[in-house]
Amino acid sequence: MFAKTLIGAALATLASSALAQVPAGYPADYQKIIDGAKKEGKVVIYGATDSKAAQPLIKDFNALYPGITVEYNDMNSTEVYNRFISEVAAGGNTADVMWSSAMDLQMRLASDGYALKYKSVEAAKIPGWAVWDDTAYGTTFEPAAIVYNKRMLDAKEVPQTHADFAKLITQPKFKDKVTTYDIEKSGVGFMFMTQDARENTKFTELLNAFGEAKVRVQSSTGTMMERISSGENLIGYNVLGSYALVRAKTDPSIGVVLPKDYTLILSRVQFINKAAKNPNGAKLWLDYILSKRGQSVIADHSKLFAIRADVTGETTSAELIKLIGAANVKPVPVHPIILQFLGPAKRMAFLKQWKETAGKK
């Protein structure tokens, strides 16, 4: 997939001087960051967030800070990581900001020293588990969901827990009709599955059930939902719930379950490149995304589920916690602890287990 670039249009210079002011409650010397960002004139972002979801944020950021162009490059989570690493190694231009749903790949980069240490003025407003070392920040609160075809599954068949799901897909009607991420190609898919291995005491049974069903793997959420909607697949596992819940509102074929035993919560991790060419623009963008204003756009327009507890509405952490129950919400922490499966030996062992059980054809 080629990166699609969105350019956030800059407004007139006259408007720029009138509107780009220090946000209420920020320290007065924040003006230095704004002035520095204006001189830089742009910020380059590599993101795994769909362009459609990113566009409302870019538009609002431009309204707040006119004159600063946002160059947004939309890739899948593995591409975000690989492109950054290869460009850094070649000594060429690369992103100022990295923003990806593959939390473990982001944490690998941050903990390996690629991230700038910057204490956001908004850091205290997001959960402690979503901030690491004033360097990496979680920006969303998105559930891993079970998605199914409402036309082709009876209500009594719909699984409510991970154990229900594993039992269901061993039935003959689900052979070749189950889908999930290709964990070899999808960074977020690999991360979700390794977190399942930590949370699910019957994880091996789940893998064996995938094998019996001859699971079909995909590298994108959109492809999985298209195939579930059409009936080519009947049910999908660990589908990114933010996208699925939005689609379910307009697609009568799509049903979504947030498992009642536990629901993994992903938070798209953002950090500033330590060698950013536009560091002030990057700081403005990071602070904006974590601000109440930015989080309200994330909830109301991008539909990615705001992480801040003081943002209310349907697509927010507060609403999801109420829906699932605080005890069953399992956020994946923004912390190097999630890197345990990324070491070559552990990654190979995990993929070997996957191929010998879930991946057998």
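Residues numbered from 1 in each chain as written. Predicted model: local features only at pLDDT ≥ 70, side-chain atom pairs only at ≥ 80, totals over all residues. Heavy atoms only, no water.

A.B. asks: Looking at this model, I keep getting lost on the pattern of salt bridges. Mind explaining?
C.D. replies: Side-chain pairs of opposite charge can arise whenever the charged atoms involved come near each other. Applying the stated criterion across every chain, the model contains 18 salt bridges. Between glutamate 122 and arginine 308 there is a salt bridge whose closest N-O contact spans 2.8 Å. Of the two residues, glutamate 122 sits in the loop between helix 5 (103–114) and strand 5 (131–132) while arginine 308 sits in the loop between helix 12 (292–302) and helix 13 (317–324), which places them 186 residues apart along the sequence. Arginine 268 serves as the salt-bridge partner of glutamate 142, at 2.5 Å between the closest nitrogen and oxygen. Of this pair, glutamate 142 sits in strand 7 (residues 142–149) while arginine 268 sits in the loop between strand 12 (263–266) and strand 13 (269–272), placing them 126 residues apart in sequence. In this pair, the class of glutamate 142 matches that of arginine 268, namely buried. (Salt bridge = Lys/Arg side-chain N within 4 Å of Asp/Glu carboxyl O. Helix = DSSP H or I, 4+ residues; strand = E, 2+ residues; numbered from the N terminus. Buried < 20%, exposed > 50% of the residue type's maximum accessible area, 1.4 Å probe, protein only.)

A.B. asks: I would appreciate a short explanation of helix 14 (residues 344–356) in the present structure.
C.D. replies: For an α-helix, the turn length of 3.6 residues means that residues three or four places apart are oriented alike. Relative to the 18 Å expected for 13 residues at 1.5 Å per residue, helix 14 spans 18 Å between its end C-alpha atoms, a close match to the ideal helical length. Among all positions in helix 14, only Phe350, Leu351 and Trp354 are buried. Down the axis of helix 14, the sector holding all buried residues measures 95°, keeping them to one side. Exposed side of helix 14, more than 90 degrees from the buried face: Pro344, Ala345 and Met348 are the residues found there. Those residues of helix 14 hidden inside the fold are in contact with strand 8 (178–181), helix 7 (187–199), helix 8 (203–213) and strand 9 (216–218). (Expected span 1.5 Å × (residues − 1). Arc of directions from axis to C-beta. Contact = heavy atoms within 4.5 Å.)

A.B. asks: Can you walk me through unusual backbone geometry in this structure?
C.D. replies: Leaving glycine aside, a negative phi is the common case for residues, and trans is the common case for peptide bonds. One non-glycine residue, aspartate 133, lies in positive phi territory at about 55°. With respect to the element layout, aspartate 133 can be found in the loop between strand 5 and strand 6 (136–138). When its relative accessible area of 39% is taken as the criterion, aspartate 133 is described as partly exposed. The backbone of phenylalanine 305 shows a phi angle near 75°, a positive value even though the residue is not glycine. Residue placement: phenylalanine 305 occurs in the loop between helix 12 and helix 13.

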